[in-house]
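Next come the chains, spelled out residue by residue.
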Amino acid sequence: MQPISKALAINDLADMKQRGEKITCLTAYDASFSSLLDKVGIDVILVGDSLGMVIQGQRTTVPVSIADMVYHTRCVSHARQRAFVMADLPFMSYATPKAAAKNAAKLMQQGGAHMVKLEGAKYDCVSFLVDQGIPVCGHLGLLPQSINQLGRYAVQGKTQIDADKIVTDALALQHAGATLLVLECVPAVLAKQISTQLNIPVIGIGAGLDCDGQVLVLYDMLNIGIAKRPRFSKNFMNNVTSIEAAIAAYQQAVKCGHFPTPEHSF
Ligand SMILES: Nc1nc(=O)c2c([nH]1)NC[C@@H]1CN(c3ccc(C(=O)N[C@@H](CCC(=O)O)C(=O)O)cc3)CN21
Ligand SMILES: CC(C)C(=O)C(=O)O
Ligand SMILES: [Mg+2]
């Protein structure tokens, strides 16, 4: 009989940072992949609004609705036993703290999410949600929901001024009560500095090796994306003959500190 492993909670992720164990995270949007990620031992499943691009075939994450997020979060959360489930609040679903609370409640009550993630320096929303007992993950660096302001998906925090702003925002999010932070597409040296300065775990994507954990979009690492795979991602289907083996290779590479390499960092 398989041992039933205990479900992970947010404090387990904090403990992993303290003891230097890397946190593994991948996106999933359905029950089958959720179950497979869980079986392989992935710590955190992110129901990302990247589903707008890889599931819905949209050009950006901007059109994704809260109903889309609730539906996919429910598909994922029912199918896992151990993994911690985090769901993105989509574009414009947290324009005010009140809206954020209403929509986070949907993700948690209808979707079964354990934590919600929101992009940018939204301290008021973060502290309002945390006051209601909702665990919140911040997201800094490249903010895909702001693509229409940014113009293109590119590395962030390259100038000293931009880097300092990301450090300040990260500290402020932690102070507002965020208990996890995703750093996307920033120089590895900046991500290292932030991971060291913060008490909360920092999960990187295109943010170098020295974060407390790593996340990738599942379809990129399985090489089945419709768009070009971002430079920081890696095809883990190389050298394996099954999807399960590719996910296991990612799990092991992150736990051992073998991914990302400099070629997958900025
Ligand atoms: N499939 C997928 N993978 C992702 O990593 C991802 C999404 N979708 N959707 C939401 C955001 C958008 N992200 C992206 C998308 C594209 C690049 C990209 O093409 N970057 C170029 C460099 C662009 C430049 O510097 O001009 C690269 O070659 O990596 C980066 C991040 C990350 N997230
Ligand atoms: C790229 C990750 C961090 C994300 O937010 C998503 O998949 O939506
Ligand atoms: Mg997202």
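Conventions adopted
Each chain has its residues counted from 1, running along the sequence as written. Numbering of ligands from 1 and lettering of chains from A proceed in the order in which they are written. The predicted origin of the model limits local features to residues at a pLDDT of at least 70 and limits the giving and counting of side-chain atom pairs to 80 or more, whereas totals for whole chains, interfaces and linings rest on all residues. We count a stretch as a helix when DSSP gives it H or I for four or more residues in a row; a strand needs E for two or more, and each element gets its number in order from the N terminus. Every radius of gyration here is taken over C-alpha atoms, with the globule rule written as 2.2 Å times N^0.38, N being the number of residues. Whether a residue is buried, exposed or partly exposed follows from its count of other C-beta atoms within 10 Å of its own C-beta, namely 20 or more, 12 or fewer, or something in between, respectively; the C-beta atoms are built from the backbone. Contacts are defined on C-beta atoms placed from the backbone: any two residues whose C-beta positions lie within 7 Å are in contact. Being near a molecule or strand means, for a residue, that its backbone-placed C-beta atom lies within 6 Å of it. We call Asp, Glu, Lys and Arg charged. Ala, Val, Leu, Ile, Met, Phe, Trp, Tyr, Cys and Pro are nonpolar, and the rest, Gly among them, are polar. Paired strands, as defined in this entry, are two strands with at least two bridges between them according to DSSP. Whenever a helix is involved, its axis is fitted only over the stretch in contact; in every case the axis is a line through C-alpha atoms, and angles between N-to-C directions fall within 0 to 180 degrees. UniProt positions are given in the numbering used here, feature names are shortened, and annotations may be inferred rather than shown by experiment. Angles are sorted into four bins: roughly parallel if under 35 degrees, roughly antiparallel if over 145, roughly perpendicular if 65 to 115, and oblique for all others. Each crossing gets its hand from how the near helix is turned against the far one by less than a right angle, where anticlockwise is left-handed and clockwise is right-handed.

### Observations concerning the overall build of the protein
- Across its full length, the protein carries 11 helices and eight strands.
- Here the C-alpha atoms of the protein give a radius of gyration of 17 Å, agreeing with the 18 Å that 2.2 N^0.38 yields for 266 residues.
- For the protein, the spread of C-alpha atoms along the three principal axes comes to 45 × 40 × 40 Å.
- Taken across its 266 residues, the protein has 50% of its residues classed as buried.
- Partitioning the contacts of the protein with sequence separation of at least 6, the portion at a separation of at least 24 is 62%.

### Observations regarding the site of ligand 1
- In the vicinity of ligand 1 lie 19 residues, with S50, Y153, A154, V217 and R231 positioned nearest.
- Contributions of two or more residues to the shell around ligand 1 are made by helix 3 (51–54) and helix 10 (218–221).
- Residues of the shell around ligand 1, tallied by class, amount to 13 nonpolar, three polar and three charged.

### Looking at the sheet that holds strand 2 (residues 44–47)
- The eight strands lie next to each other as 1-2-3-4-5-6-7-8, forming a closed barrel whose pairing is parallel. Taking each pair of neighbouring strands and ignoring which way they run, the sheet shows an average axis angle of 25 degrees.
- Lying over the sheet, helix 6 (residues 123–131) contacts strand 4 (115–119) and strand 5 (136–141), oriented at roughly 165 degrees with respect to strand 5.

### Focus on the environment of A172
- Looking at the element boundaries, A172 is found in helix 8 (residues 160–176).
- With 14 C-beta atoms packed within 10 Å, A172 lands in the partly exposed category.
- When the C-alpha atoms of A172 and N238 are compared, they prove to be 40 Å apart, with 66 residues separating the residues in sequence.
- Ignoring sequence-local partners within four residues, the contact set of A172 consists of A121 and Y123.

### Structural notes on the UniProt feature "binding site: Mg(2+)" (unreviewed entry) in the protein
- Per the UniProt record, the feature "binding site: Mg(2+)" (unreviewed entry) sits at D49, D88 and E119. These annotated residues cover 71 residues of sequence, and their C-alpha atoms lie no more than 10.9 Å from one another, placing them together at a single site.
- Examined against the element boundaries, D88 turns out to sit in strand 3 (residues 84–88).
- Once residues within four sequence positions are removed from consideration, D88 is found in contact with V47, G48, D49, M69 and K117.

### Some remarks on helix 2 (residues 31–40)
- F33, S34, L36, L37, D38 and V40 are the residues of helix 2 that are buried.
- Looking at the buried side of helix 2, the elements it contacts are strand 1 (23–27), strand 2, helix 4 (66–77), helix 10 and helix 11 (243–255).
- Downstream of helix 2 by a residue or two, G41 has a phi angle that is positive, lying close to 105 degrees.

### Quick word on the packing of helix 2 against helix 11
- The N-to-C vectors of helix 2 and helix 11 enclose an angle of 50 degrees; their axes lie 10 Å apart at closest approach. Looking at the two axes, helix 2 sits oblique to helix 11. Relative to helix 11, helix 2 is oriented so that their crossing is right-handed. Here L36, L37 and V40 of helix 2 lie close against helix 11, whose contacting residues are I243, E244, I247, A248 and Q251.
- Along the lines of polarity and charge, the residues of the contact of helix 2 with helix 11 split into six nonpolar, one polar and one charged.

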